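Summary of structural features
Take a look at the letters that make up each chain.
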2 protein chains.
Amino acid sequence: MTAQKMAVLRALQEAGPTHPTAETVYALAKRHLPSIALGTVYRNLSKMSESGEIVKIPVPDGPDRFDAEISDHMHILCVCCGKIYDIDEKNVRVEISGVPEGAELLHFDIMAKCKCPDCKSKN
Amino acid sequence: MTAQKMAVLRALQEAGPTHPTAETVYALAKRHLPSIALGTVYRNLSKMSESGEIVKIPVPDGPDRFDAEISDHMHILCVCCGKIYDIDEKNVRVEISGVPEGAELLHFDIMAKCKCPDCKSKN
DNA sequence: CTTTAGATTAGGAATGATTCCTAATCTTGT
DNA sequence: ACAAGATTAGGAATCATTCCTAATCTAAAG
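Residues numbered from 1 in each chain as written. Chains lettered and ligands numbered in written order. Predicted model: local features only at pLDDT ≥ 70, side-chain atom pairs only at ≥ 80, totals over all residues. Heavy atoms only, no water.

1. What to know about the nonpolar core
- A:Met74, A:Ile76, B:Met74 and B:Ile76 are the most contacted members of the largest nonpolar core, which has 24 residues in total.
- Breaking this core down by element, the ones donating at least two residues are β3 (73–78), β4 (84–88) and β6 (104–115) of chain A together with β3 (73–78), β4 (84–88) and β6 (104–115) of chain B.
- For A:Met74, the contacting residues outside a window of four places in its chain are A:Tyr85, A:Asp86, A:Ile87, A:Val92, A:Ile110, A:Ala112, B:Ile96 and B:Phe108. (Core = buried A, V, L, I, M, F, W, Y, C linked by side-chain atoms within 4.5 Å. Buried < 20%, exposed > 50% of the residue type's maximum accessible area, 1.4 Å probe, protein only. Helix = DSSP H or I, 4+ residues; strand = E, 2+ residues; numbered from the N terminus. Contact = heavy atoms within 4.5 Å.)

Here it is, written out as structure tokens:
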């Protein structure tokens with residue numbers, strides 16, 4: 001456990017439910033550890049999301065986002081402003097059949113899209 | 001309707017259910033129209049997916065894939081070899097609640113992940 | 001069948017996100 | 001304290017994709 005990894009984790013926790021990009025995590029982490037490098041942030045985010053300590057959220061047409069909240073939940077993205085909301089897993093049900101013969105289903109990435117309240121009113 | 005757009009569409013149709021990348025579409029299109037440029041392929045794929053003529057499939061940690069089949073269906077990706085299978089929409093049911101107050105739900109991107117039969121046996 | 005305005009193209013440079021490289025530094029177990 | 005291995009900073013490199021520009025093509029109107 002290095003100071004850099006702690007700084008990344010702390011930054012992600014401070015970000016709360018804003019689902020920051022790696023760049024944003026970098027900016028936040030720099031406040032506590034000004035010497036930290038962007039590559040270090042990427043590497044720690046990658047490793048932690050592989051190990052399950054955090055969650056990586058791939059976004060079509062945009063940089064990946066990250067989440068310190070690892071409880072089972074899905075995300076809903078505002079296509080106008082890019083804000084990401086959490087939706088608790090118990091509010092989602094997915095049923096699927098017709099999976100190819102012999103394939104082992106591993107898991108789902110569900111990314112819903114919406115126009116968020118702010119963007120609806122601004123529009 | 002230009003020769004380039006036709007070549008892209010034709011390439012995508014020839015690719016069948018292989019869900020090719022833009023690079024692969026480029027290679028296929030070049031066979032019929034050797035002068036076509038990669039940027040032209042990207043632009044035509046973008047425009048056609050925006051207009052709904054084709055489908056763009058964003059893949060986490062990989063280049064986008066494309067599909068000439070526009071009937072409502074979802075995709076399942078083998079995490080080992082990157083192959084993408086189609087799953088008919090009628091085999092999928094998604095129910096969701098707890099959408100943020102005032103948000104307008106637009107649609108879902110569902111990308112399931114599996115280990116495909118080939119990869120299971122090779123393993 | 002010309003004209004012409006607007007769209008599209010080829011080719012390559014530029015961008016954005018991310019990974020890779022290397023020497024230097026740190027961490028951890030002993 | 002010390003060696004072995006992991007991690008870091010900094011920057012170069014990579015990959016997918018978009019952007020730029022002058023040249024070419026398309027389609028609609030005469």
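Now that the structure has been shown, the text picks up again.
2. Comments concerning the protein's contact with DNA strand D
- Inspection of the region around DNA strand D gives 15 residues, with A:Thr2, A:Gln4, A:Ile36, A:Thr40 and A:Arg43 positioned closest.
- Residue A:Ala37 places a main-chain N or O atom 3.1 Å away from a phosphate oxygen belonging to DNA strand D.
- Note that a phosphate oxygen of DNA strand D is positioned 3.0 Å from one of the side-chain N or O atoms of A:Lys47.
- Put simply, the parts of the chain that give the surface near DNA strand D at least two residues each are α1 (3–14) and α3 (38–51) of chain A together with α3 (38–51) of chain B.
- With four residues, α3(A) is the largest single contributor of residues to the surface near DNA strand D.
- Considering only residue class, the surface near DNA strand D consists of five nonpolar, six polar and four charged. (Near = heavy atom within 4 Å. Polar contact = N/O pair within 3.5 Å; in protein donor to acceptor, adjacent residues only side chain to side chain. Nonpolar A, V, L, I, M, F, W, Y, C, P; charged D, E, K, R; others polar.)

3. Some points on the interface of chain A and chain B
- At the interface, 37 residues of chain A touch 37 residues of chain B.
- Interface area for chain A against chain B, summed over the two sides, is near 3000 Å², with a carbon-plus-sulfur share of 56%.
- Considering only the surface of chain A that becomes buried against chain B, A:Arg93, A:Asp109 and A:Lys113 emerge as the three largest contributors, covering 17% of it.
- In this assembly, chain A and chain B are joined by eight salt bridges.
- Among the salt bridges present, the one from A:Lys56 reaches B:Asp61, with a minimum N-O distance of 2.9 Å.
- Contributing elements (two or more residues each) for the side of chain A that touches chain B: β1 (55–59), β3, β4, β5 (92–96), β6 and α4 (117–122) of chain A.
- Per-element accounting of the side of chain A that touches chain B gives the leading share, 12 residues, to β6(A).
- Its residues placed into classes, the side of chain A that touches chain B shows 22 nonpolar, five polar and 10 charged.
- Alignment of β5(A) against strand β5 (residues 92–96) of chain B, held across five bridges, turns out to be antiparallel. When the sheet's bridge partners are listed, A:Glu95 is paired in β5(B) with B:Arg93. (Buried area = accessible area lost by both parts, 1.4 Å probe. Salt bridge = Lys/Arg side-chain N within 4 Å of Asp/Glu carboxyl O. Pairing = 2+ DSSP bridges.)

4. Thoughts on the environment of B:Pro58
- Looking at the secondary structure, you find B:Pro58 in the loop between β1 (55–57) and β2 (65–67).
- For the pair B:Pro58 and B:Met111, spaced 53 residues apart in the sequence, the C-alpha separation amounts to 8.9 Å.
- Not counting residues up to four positions away in its chain, the partners in contact with B:Pro58 are A:Pro60, B:Asp64 and B:Met111.

5. Some points on the domain arrangement of chain A
Residue and element names in this part refer to chain A.
- Each assigned domain of chain A is listed with its residue range as follows: domain 1 (3–67) and domain 2 (73–122).
- The straight-line distance from the C-alpha centre of domain 1 to that of domain 2 is 22 Å.
- Taken together, the contact pairs eight residues of domain 1 with 10 residues of domain 2.
- Of the roughly 640 Å² buried where domain 1 meets domain 2, counting both sides, 62% is carbon and sulfur surface.
- A per-residue breakdown of the area domain 1 buries against domain 2 is headed by His19, Ile57 and Arg65, which together make up 50% of the total.
- The interface formed by domain 1 and domain 2 includes zero salt bridges.
- Our count for the contact surface shared by domain 1 and domain 2 stands at five residue pairs in polar contact (both at pLDDT 80 or more). (Domains from an automatic or database assignment.)

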